[in-house]
Amino acid sequence: MYYVIGANGSQYGPVDEATIRAWISEGRVAAPSLSFKTGESGWVPLQTREEFRDLLAAAPAAPVAAAAQVPPAPGSQAPLAPGERDWQTLLLLSIFLGWVGVDRFYLGQTGLGILKILATLACGLGFIWWLVDVILIATNTLRDVNGRLPVRR
């Protein structure tokens, strides 16, 4: 099965070889169009695929959208943008190390992280705070220092 970046810049797939051949004939994809085949690790131009070379040589040139960056392979996760926090990482940190404030440090809330440590050491109230934070994170309502929710992937 194949995935392709069409002339309009959108990703299509999974489709079979016959569909790709039809799209080449229709001008929906061209030699420089990026393609991904199931089992591969990255995107390559269609012109590098032996199974389509004969058809691409005879096909009219189609406009191809300029890709600012190569998309992640289907089934993989896109990297987080700078400043974003991963929800699953935050939840695991909170469950296992939240009682000492590690979850708050991960969110960029250094002062609250220190207060959580002191609350745990001083009177054990950090464990109640830990439980509340685990619930807030599990329901994805706890925001980071910039007011953004963690990213669920």
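Before any of the text, the structure's been laid out above.
Being a predicted model, the structure only gives us computed values, none of them experimental.

Calculation rules
Residues numbered from 1 in each chain as written. Predicted model: local features only at pLDDT ≥ 70, side-chain atom pairs only at ≥ 80, totals over all residues. Heavy atoms only, no water. Pairing = 2+ DSSP bridges. Helix = DSSP H or I, 4+ residues; strand = E, 2+ residues; numbered from the N terminus. Contact = heavy atoms within 4.5 Å. Axes fitted to C-alpha atoms, helices over the stretch in contact; angles between N-to-C directions. Parallel < 35°, antiparallel > 145°, perpendicular 65-115°, else oblique. Left-handed = near helix turned anticlockwise from the far one by under 90°. Buried < 20%, exposed > 50% of the residue type's maximum accessible area, 1.4 Å probe, protein only. Arc of directions from axis to C-beta. Nonpolar A, V, L, I, M, F, W, Y, C, P; charged D, E, K, R; others polar.

Asker: Quick question: what am I supposed to make of the sheet that holds strand 3 (residues 34-37) here?
Answerer: Pairing between sheet strands relies on hydrogen bonds along the backbone, with the strands arranged either parallel or antiparallel. Here four strands make up an open sheet; going across it, the order is 2-1-3-4 and the pairing antiparallel. At either margin of the open sheet sits one strand with a lone partner, and together these are strand 2 (11-15) and strand 4 (44-45). Where strand 3 meets strand 4, two bridges bridge the pair, whose relative direction is antiparallel. Bridge pairing in strand 4 places Leu34 opposite Pro45. Its contacts with the sheet put helix 1 (residues 17-26) on strand 1 (2-5) and strand 2, and the angle it makes with strand 2 is roughly 140°.

Asker: Teacher, can you tell me more about the packing of helix 3 (residues 87-97) against helix 6 (residues 126-138) here?
Answerer: Contact geometry for helix 3 and helix 6: axes closest at 9 Å, N-to-C directions at 165°. As summarised for this structure, helix 3 and helix 6 are arranged roughly antiparallel, according to the angle between their axes. The interaxial crossing formed by helix 3 with helix 6 has left-handed handedness. Here Trp87, Leu90, Leu91, Ser94 and Ile95 of helix 3 come into contact with helix 6, specifically with Trp130, Asp133, Val134, Ile137 and Ala138.

Asker: For this particular structure, what's the right way to read helix 1?
Answerer: Given 3.6 residues per helical turn, the α-helix brings residues three or four places apart onto the same face. Here helix 1 has its buried residues at Ile20, Trp23 and Ile24. Summarising the axial view, the buried residues of helix 1 lie within an arc of 100°, below the 170-degree limit, and thus occupy one face. Where the residues of helix 1 are buried, they touch strand 1, strand 2 and helix 2 (53-58). Gly27 sits one or two positions beyond helix 1 and adopts a positive phi of about 80°.

Asker: Help me out: how do you make sense of the side chain of Arg104 in this one?
Answerer: The topology assignment puts Arg104 in helix 4 (residues 102-106). Note on Arg104: relative accessible area 7%, which makes it buried. Leave out the neighbours within four places in its chain, and Arg104 touches Gln109, Thr110, Leu112, Gly113, Lys116, Trp129, Asp133 and Leu142.

Asker: Mind showing me how you'd approach unusual backbone geometry here?
Answerer: Only a minority of non-glycine residues have a phi that is not negative, and only a minority of peptide bonds are not trans. The omega torsion of the bond from Gly13 to Pro14 falls at 5°, within 30 degrees of zero and hence cis. Following the sequence through the fold, Pro14 ends up in strand 2. In the Ramachandran plot, Asn140 falls in the positive-phi region, its phi being about 55° despite a non-glycine side chain.

Asker: How should helix 3 be read in this particular structure?
Answerer: Listing the buried residues of helix 3 in full gives Trp87, Leu90, Leu91 and Ser94. All buried residues of helix 3 fall inside an arc of 100° around its axis, so they share one side.

Asker: Can you help me understand the packing of helix 5 (residues 110-123) against helix 6 in this one?
Answerer: Where helix 5 contacts helix 6, the axes come no closer than 7 Å and their chain directions differ by 135°. Considering the angle they form, helix 5 stands oblique to helix 6. In this structure, helix 5 uses Leu112, Leu115, Lys116, Ala119 and Thr120 to contact helix 6, whose residues at the interface are Gly126, Phe127, Trp129, Trp130 and Asp133. Grouping the constituent residues of the contact of helix 5 with helix 6 by class yields six nonpolar, two polar and two charged.

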